Amino acid sequence: GENVEQHPSTLSVQEGDSAVIKCTYSDSASNYFPWYKQELGKRPQLIIDIRSNVGEKKDQRIAVTLNKTAKHFSLHITETQPEDSAVYFCAASGGGNKLVFGAGTILRVKS
Amino acid sequence: GAGVSQTPSNKVTEKGKYVELRCDPISGHTALYWYRQSLGQGPEFLIYFQGTGAADDSGLPNDRFFAVRPEGSVSTLKIQRTERGDSAVYLCASSLIRQNSPLHFGNGTRLTVT
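In this report, the structure presented in the accompanying data block is examined.

Here we look at the interface of chain A and chain B
(1) Moving on: The interface of chain A with chain B comprises 19 residues on the first partner and 24 residues on the second.
(2) Moving on: Carbon and sulfur atoms make up 48% of the area that chain A and chain B hide from each other, which totals about 1700 Å².
(3) Moving on: Our count for the chain A to chain B interface comes out at 0 salt bridges.
(4) Moving on: Grouping the amino acids of the side of chain A that touches chain B by side-chain chemistry returns 8 nonpolar, 7 polar and 4 charged.

Quick notes on the nonpolar core
(1) Moving on: Judged by nonpolar contacts, the single largest core of 23 residues is most densely connected at Trp35, Phe73, Leu75 and Leu107 of chain A.
(2) Moving on: Within the residue set of this core, elements represented by two or more residues are strand E2 (10–14), strand E3 (19–25), strand E4 (32–38), strand E5 (45–51), strand E7 (62–67), strand E8 (72–77), strand E9 (86–93) and strand E11 (105–110) of chain A.
(3) Moving on: If you look at the next biggest cluster of nonpolar residues, it comprises 20 residues, including Ile47, Leu60, Ala67 and Ile79 of chain B.

Regarding the pairing of strand E4 (residues 31–37) of chain B
Residues in a regular strand point their side chains to alternate faces of the sheet.
All names here are of chain B.
(1) Moving on: Here E4 lies mainly inside the structure; 7 of its 7 residues are buried.
(2) Moving on: Here E4 shows a buried face lined by Ala31, Tyr33, Tyr35 and Gln37 and a second buried face lined by Leu32, Trp34 and Arg36.
(3) Moving on: In the sheet, E4 pairs with strand E5 (residues 44–50) via 6 bridges, with the strands oriented antiparallel. When the sheet's bridge partners are listed, Arg36 is paired in E5 with Glu44.
(4) Moving on: The hairpin formed by E4 and E5 contains 6 residues between the paired strands, and Gly40 there has a positive phi angle of roughly 80°.

Rules used in this analysis
Residues numbered from 1 in each chain as written. Chains lettered and ligands numbered in written order. Predicted model: local features only at pLDDT ≥ 70, side-chain atom pairs only at ≥ 80, totals over all residues. Heavy atoms only, no water. Contact = heavy atoms within 4.5 Å. Buried area = accessible area lost by both parts, 1.4 Å probe. Salt bridge = Lys/Arg side-chain N within 4 Å of Asp/Glu carboxyl O. Nonpolar A, V, L, I, M, F, W, Y, C, P; charged D, E, K, R; others polar. Core = buried A, V, L, I, M, F, W, Y, C linked by side-chain atoms within 4.5 Å. Buried < 20%, exposed > 50% of the residue type's maximum accessible area, 1.4 Å probe, protein only. Helix = DSSP H or I, 4+ residues; strand = E, 2+ residues; numbered from the N terminus. Pairing = 2+ DSSP bridges.

Quick look at the structure:
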């Protein structure tokens, strides 16, 4: 089955800097890659997603890139703000709507 | 509109007891999922329903875990003979039925087995 690895496990950046989180997946049939943000004690919330027919997608300060050949995808947050501090999860789906999640990245934005 | 609702928000039970966790999905979402999240980890897939039937239950850890969705809306996750290792946050999510629709999560039920 699908296996998703996520790096780094923790990331500290200065306010205004960029943050990059990377994930790799194992199943070449996976075709949907969402990213979720989870604040302490709250539910995961979708922030951006990308499908395998697209290489890059951007939404304001957030962008996701996908390299199908290398089977990895990344989340890029520019101009980070303190409210971006949270745990971020990547996930991959090979169809059948079953998402497999990475272990998460704790992002800390220092002001 | 209303999001995914899960009750109770917290449940403390003794080892060996039976528990039921409830999920009320977003209206019109025919796909429903149960995930389990342990501290410091990502959500772990348990089971997925399309309508009333379990389309994929490959994530249920053993036969103490069972889930139902009798009318294709509300779902109940049932855990028999609870063990301390069952302690986790149990997340429910729903989505539209088309492939790769975004999942919308509830706030979860924090289960503690003492």
